[in-house]
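Descriptive structure summary
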Amino acid sequence: MKSPLLALPGAVPAEGTDEGVAAHYGDIFREQRDLARGTGFVDLSHRGVVTVTGSDRLAWLHLLLTQHVSELPVQQATEALVLSANGHVEHALYLVDDGTTTWAHVEPGTQQALVGYLESMKFFYRVEVADATADYAVVHLPAGSTASADGASAVRELSYGRDLFLPRAELETLTGGYGPAAGIWAYEALRIEGHRPRLGFETDHRTIPHEVDWLTTAVHLQKGCYRGQETVARVHNLGRPPRRLVFLHLDGTEEVLPPHGTEVRLAADPDGRALGFVTSSARHHELGPIALAIVKRNVPVDAVLLAGTVPGTQDVIVPQ
């Protein structure tokens, strides 16, 4: 779904998963600095939007999701996952409930599969699930923004900003008062800096929540049974995840930014076996080139790693 905000001056379209919105508007570092100062906005209108209505919606979602949502306060933002029977991450939902509707935005193109799964689990519950992507668009305002959220159908208040669900037909009009537009590259650089995992980037078909630090934001360890809960409990109580997410400070003298999937090895053994892979990378306005990577749990935390040919030192996200 192509955003009308691609018509703004300087807009350069993003590719791949983020196709449909702007990668940048001509100056990626200025756009990052604007967001870090609390000005401007990010067009996330390519993301899927799913709504759940009905009197049983929170009790029903509580049975399906990794998060405790049966008593979710009105307007309180949260995150949740849908897991496979083996505990692997299938969907990531960014939720808020307004008292009558539970709103969620999800990765681009995943909303139809999510709605299909939710529909298959309705049984006798009084709920209605809808793919609302055609009617609503997501926009992000950074922390500190004084822009008004008037006109938003729902708002997720976060430590790093606000996610607004806007009527898609009013996207251009409402964002006109939000300040300068920032592209998805600026948003991604700040996401990587904040160590926030993203489905399909920091995850693959084997990922369990422990590996990417989703236990701290998207999983409630004391709630009742849900699909995949046995794996979550077993690894948390009896073991450690086989892999862990790390933050990499990359060598700034290298011109190449390692893309998603780039193999990671020990710098001391560049011809050795791959120990993981780069999940996301960006050029940060202050930190320079940075990345997130998934590596084997037993990789020494003080080891210098090679992301392709680019050396990088680690910051621990998930303990060894």
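Structure: see above.
Here we summarise the structure given alongside this text. (Residues numbered from 1 in each chain as written. Predicted model: local features only at pLDDT ≥ 70, side-chain atom pairs only at ≥ 80, totals over all residues. Heavy atoms only, no water.)

As for the packing of aromatic side chains
Summed over the entire model, instances satisfying the criterion amount to four aromatic pairs. Pairing Phe41 with Tyr178 gives two aromatic rings, centres 5.9 Å apart and planes at 75°, and the pair type is edge-to-face. With a gap of 137 residues between them, Phe41 in strand 3 (residues 41-43) and Tyr178 in the loop between helix 4 (171-175) and strand 12 (181-182) connect regions that are remote in the sequence. Take Phe41 and Tyr178: they sit in the same class, and that class is buried. Linked through ring pairs, Trp103, Tyr136 and Phe165 together constitute an aromatic cluster. Over the ring of Phe201 we find Arg191; its NZ or CZ atom is 6.0 Å from the centre of that ring. (Phe/Tyr/Trp six-rings, centres within 6.5 Å; stacked < 30°, edge-to-face > 60°. Helix = DSSP H or I, 4+ residues; strand = E, 2+ residues; numbered from the N terminus. Buried < 20%, exposed > 50% of the residue type's maximum accessible area, 1.4 Å probe, protein only. Lys NZ or Arg CZ within 6 Å of the ring centre and 35° of its normal.)

Focus on helix 5 (residues 184-193)
Burial analysis of helix 5 places eight of its ten residues in the buried class, which makes it a mostly covered element. Where helix 5 is concerned, the buried positions are Ile184, Ala186, Tyr187, Glu188, Ala189, Leu190, Arg191 and Ile192. Where helix 5 ends, the next residue or the one after it, His195, has phi of about 60°, a positive value.

Describing the nonpolar core
Grouped together as the largest cluster of nonpolar side chains are 23 residues, with contacts concentrated most on Leu81, Trp214 and Leu245. Residue assignment for this core shows that the elements contributing at least two residues are strand 5 (78-83), strand 6 (89-97), helix 5, strand 13 (243-250), strand 15 (276-284) and strand 16 (288-296). Those residues in contact with Leu245, other than ones at most four positions away along the chain, are Glu202, Glu211, Val212, Thr279, Leu292, Ala293, Ile294, Ile317 and Val318. By size, the runner-up hydrophobic cluster in this structure holds 21 residues, among which are Leu64, Leu95, Ala104 and Val129. (Core = buried A, V, L, I, M, F, W, Y, C linked by side-chain atoms within 4.5 Å. Contact = heavy atoms within 4.5 Å.)

Remarks on the side chain of Thr231
Counting through the fold element by element, Thr231 comes out in helix 6 (residues 229-238). The residues contacting Thr231, other than those within four sequence positions of it, are Asn86, Gly87, Ile208 and His210.

Remarks on the pattern of salt bridges
One side chain can pair with another of opposite charge once the charged atoms of both are near each other. Using the criterion set out here, one finds 19 salt bridges in the structure. Residue Arg265 pairs with Glu263 through a salt bridge whose shortest N-O separation is 2.9 Å. Bridged by salt links that share partners, the residues Asp18, Arg47, Glu107, Glu188, Arg191, Arg198 and Glu202 form one connected network. (Salt bridge = Lys/Arg side-chain N within 4 Å of Asp/Glu carboxyl O.)

Structural notes on the sheet that holds strand 9 (residues 136-142)
Pairing within the open sheet is mixed, and its five strands lie in the order 10-11-9-3-12. Each end of this open sheet is capped by a strand with a single partner; those strands are strand 10 (154-158) and strand 12. Alignment of strand 10 against strand 11 (residues 161-167), held across five bridges, turns out to be antiparallel. Paired with Ala154 across the strands is Phe165, a residue of strand 11. (Pairing = 2+ DSSP bridges.)

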